[in-house]
Amino acid sequence: MNRRRLLSIVLKELRQLRRDKRTLRLFLIAPVIQLTFFGYAISTDLKGVKLGVVIEDPSPEARRLVDAIVATRAFDLIPTASARPDDLRPWLDTGAAQIALHIPPGFARALARGQAPVVQVLSDGSDSNTATLAFQYLSGAARVWASRERQDYLRRHPSQAVRFARVPQVNLEPRFWYNPDLKSVDFQIPGVLALILLALGASQTSLMVVRERELGTLEQLSVTPIHAWELLVGKTIPMAGAGLVMTLLITVVAYVWFHVPLRGSIPFLLIAATLYLLNTLGIGLLISVISRTQLQAQITTSFLMTPLIMLSGFLFPIANMPQWAQWLTVILPTRYYMEVVRGVFLKGQGAAELWPQAVVLAILGVLLYLGGILSFRKRVD
Amino acid sequence: MSAAEWVVETEGLTRRFDGFVAVDHLTLRVPRGSIFGFLGPNGSGKSTTIRMLCGLLKPSEGRAVVNGFDIERHPEPLRQSLGYMSQRFSLYPDLTVRENLEFYGGVYDLEPGPLAERIEQVFDQLRLREHGNDLTAALPLGWKQRVALGAAMLHQPPVLFLDEPTSGVDPASRRMFWEILDSLAVGGASIFVTTHVMDEAERCDLLGVMYGGHLIAQGTPAALKEAFPGFLYHVDAAPLLEALEAARRLPFVADAAMFGDALHVTLPADDPERLRRELESAGVTVRDLRRISPTLEDVFVQLIALRERAAEGAEGGGR
Ligand SMILES: Nc1ncnc2c1ncn2[C@@H]1O[C@H](COP(=O)(O)OP(=O)(O)OP(=O)(O)O)[C@@H](O)[C@H]1O
Ligand SMILES: [Mg+2]
């Protein structure tokens, strides 16, 4: 390896970057836009979902269940005085309610007998996102309610503990335990990190390599003694630097501006970012191998970005995906980095918990990066 | 001459693109220390040959030795010993002249101290100093081409491959460029240059003419002119176009071509009076008719015309 050749490339890239105001602006603006977008515009927080309730069992227990649901602040209760079961369907049909709850007769009696009463939930499935989320909120509220009821009952009837224990055990931990307020900002802003580094690595890197092919400078370099790997490593080093700077910037903005909790290890976050960058830069190199023009590189990049992001768990939980898609995520670096980022930000994790993800990122990264370099041909034909 | 005296030596060098033969069994020898002019019409395979000799394209067949290195077996030392200017301008437009040279110096692994000295030297030699700190994109073409030459010769390669280095460049810059090439050749460099300009071809020590991937003629400019077959006449006639048509129809005329506001007509025998008689009986006024010695352009045009006619003949015979 020749250090002078490598450094010449790095210096040249930095000089070009310094003059490339458009790209520099993009480096600055892209994270801002993404953060604003996911911080303000796109929110999976549930608010103002119209909820209709039919109570055929006017017991205090049923009353308290409805109270617990209202306490989530996700629902607007529609006026339901003297509602009957026959009203349920028309509510949904006319759009008067998006979710309808039916507490059947004998609800309290079933509880007292130690059975798990069935509460019917009807939802307007045409907006499946809202329906899924609403259902999660409802089950969360039901769990909170169930645990309170249980404690309450035990306090009043200590002798009956054995009998009550027959009520199906509920998981007292809310499902969103690492995001207790269910704030989607907290969940998505860290994901922006994965998104930006992917865009930087895949898109910017492939563009910068393909641009040299278009300019003819790649041909010029091909007659010099420089090796393909020196050229590519030299080109990707400044990109990786930019990626790490952006990681820090986004982290600061997320913490200071969006008040996303930052509970875990920042050094580990940076290490994982470096490993993740190896992946995204490798993807960029591979794209540049198969692209003749910058336009081709752009199109290929967007083709690849879609599954990489959609299947990363960024917007939809991986557990909700069809089985084949879940299998596919096993080889997606975005998935592991997303886990690292959310783990560090929201769960306060570090190397102790997230080392498996880091190892997978390292393996995938080395494969992609080396693959990119080895498949790059210096000859023009 | 011993092998070491050939700076480029090819044998049966061939390159095909999907069945199309761009360079067809080219066998060529270029002596060291000379300016070799590589001529030929568009698409005749000049650039393809140069790109193979620089190690940019893999030959489909045949072999070539450049500066003593087999282009396929020793690509690394080959790269260190050649400079290449592609037909397309290919330096970084967003770097200054100096930054471009610094970059290529680093790529050729020159130490910073000697590199800085060398850049000053190149600035003087190529008269680049005035715009040394300007962005390359902003320079006029003549300057850009000199910068490209500077980048190609920075590491003092013994061989320079220059693919149409002066195309699109104004006459004054062109002359300056060739003065530089002359001084490099005097300094011992071997220069392999393509051009479509006959004035430039005239300045070469040796010429090779390509047609359809073949080398159809080779020699010094003087030797090529000497080898011109037949007798060449300058014919000033009116109307000119009709004169050209008439001349071409005459069976004893080997070739006729427009040359400025006159015709150049080639006859196999020295019989100008017959030409004058025949042209006048075709209704053309001949104002002047005299024998001239051929220019390189005559040689070139005729070489190509002969080939084209042969190709047409072969096609016609095949039908
Ligand atoms: N990469 C390629 N793929 C397919 N055909 C090619 C390729 N490169 C060159 N050719 C073809 O090979 C032939 C010779 O091209 P070449 O560039 O060597 O000609 P040239 O003599 O340099 O012409 P010019 O004077 O126009 O520069 C042309 O017909 C060209 O279309
Ligand atoms: Mg050419």
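Just so it is clear, the model here is predicted, and its values are computed rather than measured.

Novice: Sorry if this is basic, but what is going on with the overall build of chain A here?
Specialist: Helix and strand counts for chain A stand at 15 helices and 4 strands. Residue burial in chain A is summarised as follows: out of 381 residues, 48% are buried.

Novice: Before we go on, may I ask you to explain the overall build of chain B in this structure?
Specialist: Within chain B, the secondary structure is distributed over 11 helices and 14 strands. Viewed in the frame of its principal axes, chain B has a C-alpha envelope of about 75 × 45 × 35 Å. For chain B, with 319 residues in total, the buried portion stands at 53%. For chain B, the proportion of contacts with a sequence separation of at least 24, taken over those separated by at least 6, is 68%. Total accessible area on chain B stands at roughly 13,900 Å², and carbon and sulfur atoms take up 51% of it. When the 32 positive and 45 negative side-chain charges of chain B are each reduced to one mean point, those points stand 3 Å apart.

Novice: Can you help me understand the packing of aromatic side chains in this one?
Specialist: Both the distance between ring centres and the angle between the ring planes are used here to describe each pair of aromatic rings. Residues and elements named next belong to chain B. For the structure shown, the criterion picks out 8 aromatic pairs over all chains. Between Phe 161 and Phe 192 the ring centres are 5.2 Å apart and the planes differ by 45°, which places this aromatic pair in the tilted class. Of this pair, Phe 161 sits in strand S7 (residues 159-162) while Phe 192 is found in strand S8 (residues 190-194), placing the two residues 31 residues apart along the sequence. The same class applies to Phe 161 and to Phe 192, which are both buried.

Novice: Before we go on, may I ask you to explain the nonpolar core in this structure?
Specialist: In globular proteins that are soluble, nonpolar side chains generally tend to be buried together. In terms of nonpolar packing, the biggest core is built from 124 residues, with A:Tyr337, B:Leu149, B:Leu162, B:Leu181 and B:Ile191 touching the most fellow members. If one sorts the elements of this core by residue count, helix H8 (residues 184-215) of chain A sits on top with 15 residues. Here B:Leu181 is in contact with B:Ile35, B:Leu149, B:Leu162 and B:Ile191, once residues within four sequence places are set aside. If you look at the next biggest cluster of nonpolar residues, it comprises 28 residues, including B:Val8, B:Phe36, B:Met52 and B:Leu56.

Novice: For this particular structure, what's the right way to read the site of ligand 1?
Specialist: Residues and elements named next belong to chain B. Taken together, 14 residues form the shell around ligand 1, and within it Gly 43, Lys 46, Ser 47, Thr 48 and Gln 87 come nearest. Here an oxygen atom of ligand 1 sits 3.0 Å away from a polar atom, N or O, in the main chain of Gly 45. For ligand 1, an oxygen atom lies 3.3 Å from a polar atom in the side chain of Glu 164. Within the complex, the protein chains bury 63% of what would otherwise be the 630 Å² of accessible surface of ligand 1. Counting only elements with at least two residues in the shell around ligand 1, the list comes to strand S2 (20-31) and helix H1 (46-53). It is H1 that provides the largest number of residues to the shell around ligand 1, a total of 3 residues. Each residue belonging to the shell around ligand 1 can be placed in one class, and the counts come to 4 nonpolar, 8 polar and 2 charged.

Novice: What should I look at first to understand the domain arrangement of chain B in this one?
Specialist: In terms of domains, chain B is made up of domain 1 (3-225) and domain 2 (229-293). On a C-alpha basis, the centres of domain 1 of chain B and domain 2 of chain B stand 40 Å from each other.

Novice: When you look at the interface of chain A and chain B in this model, what are you seeing that I'm missing?
Specialist: With 29 residues of chain A in contact, the opposing surface of chain B contributes 34 residues. Between chain A and chain B, roughly 3,000 Å² of surface is buried when both sides are summed, and carbon and sulfur atoms account for 51% of that area. The interface formed by chain A and chain B contains 7 salt bridges. In this structure, B:Asp94 engages A:Arg211 in a salt bridge whose closest nitrogen and oxygen atoms are separated by 3.5 Å. The interface formed by chain A and chain B holds 17 residue pairs in polar contact (both at pLDDT 80 or more) in total. Only helix H1 (3-19), H8 and helix H9 (217-222) of chain A provide two or more residues apiece to the side of chain A that touches chain B. In terms of residue count, the dominant contributor to the side of chain A that touches chain B is H1(A) (9 residues). Here the residues of the side of chain A that touches chain B are counted per class, giving 7 nonpolar, 9 polar and 13 charged.

Novice: What am I meant to see in the side chain of A:Ser288 here?
Specialist: With respect to the helices and strands, A:Ser288 occurs in helix H11 (residues 266-290). Not counting the four nearest positions on each side in its chain, A:Ser288 is found in contact with A:Ser206, A:Val209, A:Val210, A:Arg213 and A:Phe376.

Novice: Is there a simple way to explain the pairing of strand S3 (residues 99-103) of chain A in this structure?
Specialist: A regular strand carries its side chains on alternate faces of the sheet. Residues and elements named next belong to chain A. Most of S3 is tucked away, with 5 of its 5 residues classed as buried. Taking every second residue as pointing to the same face, both faces of S3 are buried, with Ile 99, Leu 101 and Ile 103 on one and Ala 100 and His 102 on the other. Sheet topology places strand S1 (residues 49-55) next to S3; 5 bridges connect them, and they run parallel. Bridging from a neighbouring strand, Leu 51 pairs with Ile 99 of S3. In this structure, S3 lies alongside strand S4 (residues 120-123), joined through 4 bridges in antiparallel fashion. Looking at S4, one finds that Leu 101 is bridged to Val 121.

Novice: Honestly, the coordination of the magnesium ion (ligand 2) in this entry has me stumped. Any pointers?
Specialist: Working reference: metal with six octahedral donors, ideal angles 90 or 180 degrees; metal with four tetrahedral donors, ideal angle 109.5 degrees. Coordination of the magnesium ion (ligand 2) by the protein involves B:Ser47 (OG) and B:Gln87 (OE1), with metal-donor separations of 1.9 to 2.2 Å. A residue pair is termed long-range when its members are at least 10 positions apart, and B:Ser47 in helix H1 and B:Gln87 in the loop between strand S6 (82-85) and helix H3 (97-107) qualify at 40 residues.

Novice: In this structure, what is going on with the sheet that holds strand S4 (residues 61-66) of chain B? I would like to understand it.
Specialist: Sheets are built from strands that pair by backbone hydrogen bonding, the pairs being arranged parallel or antiparallel. All names here are of chain B. If you walk across this open sheet you meet the 4 strands as S2-S1-S4-S5, and the pairing is antiparallel. Looking along the sheet, the strands with just one partner apiece sit at the ends: S2 and strand S5 (69-70). One ladder, built from 2 bridges, connects S4 with S5; its direction is antiparallel. By the bridge assignment, Val 66 is partnered in S5 with Phe 69.

Novice: When you look at the pairing of strand S1 (residues 6-17) of chain B in this model, what are you seeing that I'm missing?
Specialist: Residues and elements named next belong to chain B. Direction of pairing for S1 relative to S2: antiparallel, over a ladder of 8 bridges. Its bridge partner being in S2, Thr 10 is matched across the sheet by Leu 28. If you look at the hairpin formed by S1 and S2, you'll find 2 residues sitting between the two strands, and Asp 18 has a positive phi there, around 45°. Where S1 meets S4, 5 bridges bridge the pair, whose relative direction is antiparallel. Pairing of Glu 11 across the sheet is with Arg 63, part of S4.

Novice: For this particular structure, what's the right way to read helix H12 (residues 294-310) of chain A?
Specialist: Residues that lie three or four places apart on an α-helix share one face, since the helix turns once every 3.6 residues. Under the 1.5 Å per step criterion, the end-to-end length of H12(A) is 24 Å for 17 residues, consistent within 8% with the ideal 24 Å. For H12(A), the set of buried residues is A:Ala297, A:Thr300, A:Thr301, A:Met305, A:Leu308 and A:Ile309.

Calculation rules
Residues numbered from 1 in each chain as written. Chains lettered and ligands numbered in written order. Predicted model: local features only at pLDDT ≥ 70, side-chain atom pairs only at ≥ 80, totals over all residues. Heavy atoms only, no water. Helix = DSSP H or I, 4+ residues; strand = E, 2+ residues; numbered from the N terminus. Buried < 20%, exposed > 50% of the residue type's maximum accessible area, 1.4 Å probe, protein only. Contact = heavy atoms within 4.5 Å. Areas by Shrake-Rupley, 256 points an atom, 1.4 Å probe, with all protein chains shown as cover. Lys, Arg positive; Asp, Glu negative; His and termini not counted. Charge placed at Lys NZ, Arg CZ, Asp CG, Glu CD. Phe/Tyr/Trp six-rings, centres within 6.5 Å; stacked < 30°, edge-to-face > 60°. Core = buried A, V, L, I, M, F, W, Y, C linked by side-chain atoms within 4.5 Å. Near = heavy atom within 4 Å. Polar contact = N/O pair within 3.5 Å; in protein donor to acceptor, adjacent residues only side chain to side chain. Nonpolar A, V, L, I, M, F, W, Y, C, P; charged D, E, K, R; others polar. Domains from an automatic or database assignment. Buried area = accessible area lost by both parts, 1.4 Å probe. Salt bridge = Lys/Arg side-chain N within 4 Å of Asp/Glu carboxyl O. Pairing = 2+ DSSP bridges. Donors = N, O, S within 2.8 Å, 3.2 Å for Na, K, Ca; no water. Expected span 1.5 Å × (residues − 1).

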